[in-house]
Amino acid sequence: MKKLFSEIPELTGDRVTLKRLTQADAGALRKLTDDDEVYRYLPTFLFEKQYDDKSYVIERLYDECLKTSLILGVYIDGDFCGLAEIYGYRAALRKASVGYRLIRRFWGRGIATETLGLLVKYLLEDTDVETVTASTMAENEASNKVLKKNGFKFAGHTVLENWGYAKPILTDKWIRTGIGYRLQYKFQ
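Residues numbered from 1 in each chain as written. Predicted model: local features only at pLDDT ≥ 70, side-chain atom pairs only at ≥ 80, totals over all residues. Heavy atoms only, no water.

Draft legend 1. Looking closely at the overall build of the chain. Across its full length, the chain holds 5 helices and 8 strands. Start at the N end of the chain and walk to the C end: the helices and strands fall as β-β-α-α-β-β-β-α-β-α-β-β-α. Taken over the C-alpha trace, the chain has a radius of gyration of 16 Å; the compact-globule value for 188 residues is 16 Å, and the two agree within 12%. C-alpha extents for the chain along the principal axes are approximately 45 × 35 × 30 Å. When each of the 188 residues of the chain is scored for burial, the buried share is 48%. In the chain, of all internal contacts separated by at least 6 residues, the share reaching a separation of at least 24 is 62%. Entry remark: accessible area of the chain is about 9,800 Å², with carbon and sulfur atoms responsible for 51%. Considering the chain, the positive charge centre built from 29 side chains and the negative charge centre built from 26 side chains are found 5 Å apart. (Helix = DSSP H or I, 4+ residues; strand = E, 2+ residues; numbered from the N terminus. Rg over C-alpha atoms; globule rule 2.2 N^0.38 Å. Buried < 20%, exposed > 50% of the residue type's maximum accessible area, 1.4 Å probe, protein only. Contact = heavy atoms within 4.5 Å. Areas by Shrake-Rupley, 256 points an atom, 1.4 Å probe, with all protein chains shown as cover. Lys, Arg positive; Asp, Glu negative; His and termini not counted. Charge placed at Lys NZ, Arg CZ, Asp CG, Glu CD.)

Draft legend 2. Structural detail: the pairing of strand β2 (residues 16-19). The pairing of strand β1 (residues 11-12) with β2 spans 2 bridges and is antiparallel. Following the sheet pairing, Leu-11 is matched in β2 by Leu-18. A loop of 3 residues connects β1 with β2, the two strands running antiparallel in sequence. Here β2 runs beside strand β3 (residues 69-76); their pairing, made up of 4 bridges, is antiparallel. From the neighbouring strand, Thr-17 faces β3, where its bridge partner is Tyr-75. (Pairing = 2+ DSSP bridges.)

Structure below.
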């Protein structure tokens, strides 16, 4: 088993590849981060939004940011189409959280579903993580469907959370456990 954050993996699915961002992705990352519609259901403090210079963001992703999260580029046929993230790792609980965001023209094509599936497979098969969680704004129906397609179970509404908006918001919590995953797919 790999220790989470000890490496930057490259994960390949049927259409989607998740891998390290390079400086060549700075322009496409700008297109992603400049679209308010992409970020309307996301926290305001995401790493890629903290700095205006996207080359600087990419430069810092794998040193400053890698201590607490892993952000990978989402690619189809070599084209950058978004970000996938593993964050909130709790070693004692063997738990990590996941998220993603895609450039709008890639919405509705199953890319988010495949991206999330690759993250879950990596975490549950290749690391010591046994529980994968996700948080969504209650009104984010598209992401809720993606989570359901990937075997996440709705864990309920939580207390209001501070996602950086003017006032706290109510989030939905989702969970996927490795125990059921390993039993379902006969992994030991």
